[in-house]
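# Notes for the structure review
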Amino acid sequence: MAESSAQSVMALYAERINAHRFELVAPLIAPDAVFWFGDGSHNGLASIQLAFEATWAALRAETYWLEDLRWLASGASVAVCCYRFFWTATVEGVRQSGGGRGTSVLERQPAGWLIVHEHLSSGPSEV
């Protein structure tokens, strides 16, 4: 039961990111969440919002999606998943794509399941 609720939040999260409107993403994130991205750590909704908006400004017409979600832990109050993420966007007039790996921690709070931590990193180098 806990996993399917957390899964719904992750599906909504990936969908809402593509609207490029933080007010749609914010209700899925805990106010005191900690997000770790390649450009640094972002603590709290205000900092996370700035990071999202900077990404959307740099990656025009971005489409973002998740694949291969794997639920590592799922309980009544906490769920953890890892996944691969991908994006395509226009950067300085050139169509580009990329991706990496992510981990999200969700916590069941009075408002429902919320993302309390996200860690995105580039994938391993191709050998």
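The present account deals with the structure reproduced in this document.

The rules behind each value
Residues numbered from 1 in each chain as written. Predicted model: local features only at pLDDT ≥ 70, side-chain atom pairs only at ≥ 80, totals over all residues. Heavy atoms only, no water. Pairing = 2+ DSSP bridges. Helix = DSSP H or I, 4+ residues; strand = E, 2+ residues; numbered from the N terminus. Core = buried A, V, L, I, M, F, W, Y, C linked by side-chain atoms within 4.5 Å. Buried < 20%, exposed > 50% of the residue type's maximum accessible area, 1.4 Å probe, protein only. Contact = heavy atoms within 4.5 Å. Axes fitted to C-alpha atoms, helices over the stretch in contact; angles between N-to-C directions. Salt bridge = Lys/Arg side-chain N within 4 Å of Asp/Glu carboxyl O.

Both strand 1 (residues 29-37) and strand 6 (residues 112-122) contribute to a ladder of four bridges, which runs parallel. Following the sheet pairing, Phe 35 is matched in strand 6 by Glu 118. By the bridge criterion, 10 bridges tie strand 5 (residues 94-109) to strand 6 in an arrangement that is antiparallel. Looking across to strand 6, one finds that Gly 102 is bridged to Leu 120. Between strand 5 and the antiparallel strand that follows it, strand 6, lie two residues.

We now examine the nonpolar core. Met 10, Tyr 13, Phe 35 and Phe 52 are the most contacted members of the largest nonpolar core, which totals 36 residues. Where this core is concerned, the elements lending two or more residues are helix 1 (2-17), helix 2 (22-25), strand 1, helix 3 (45-58), strand 3 (60-74), strand 4 (78-91) and strand 6. Examining the composition of this core, we find that seven residues originate from one element, strand 4, more than from any other. With near-sequence residues (within four places) excluded, Phe 35 lies in contact with Tyr 13, Ile 29, Gly 40, Ser 41, His 42, Ile 48, Phe 52, Ile 115, His 117 and Glu 118.

With respect to the helices and strands, Ala 51 occurs in helix 3. Placed 10 residues apart in sequence, Ala 51 and Ala 61 show a C-alpha to C-alpha distance of 17 Å. Setting aside its immediate chain neighbours within four residues, Ala 51 contacts Phe 37 and His 42.

Another aspect to go through is the sheet that holds strand 6. Spatially, the six strands line up as an open sheet ordered 2-1-6-5-4-3, and their pairing is mixed. Each edge of the open sheet carries a strand with a single partner, namely strand 2 (40-43) and strand 3. When strand polarity is set aside, the average angle formed by the axes of neighbouring strands in this sheet is 20 degrees. Helix-sheet contacts for helix 3 involve strand 1, strand 2, strand 3 and strand 4, and the interaxial angle to strand 1 is about 50 degrees.

A separate point is the pattern of salt bridges. One pass over the full model with this rule turns up three salt bridges. In this structure, Glu 23 and Arg 21 form a salt bridge, with 2.8 Å as the shortest nitrogen-oxygen distance. In this structure Arg 21 comes out as partly exposed when scored by relative accessible area, which is 41%. In this structure, the salt-bridge partner of Arg 84 is Asp 68, at a minimum N-O distance of 2.6 Å. In this pair, Arg 84 is assigned in strand 4 and Asp 68 in strand 3, connecting sequence segments 16 residues apart.

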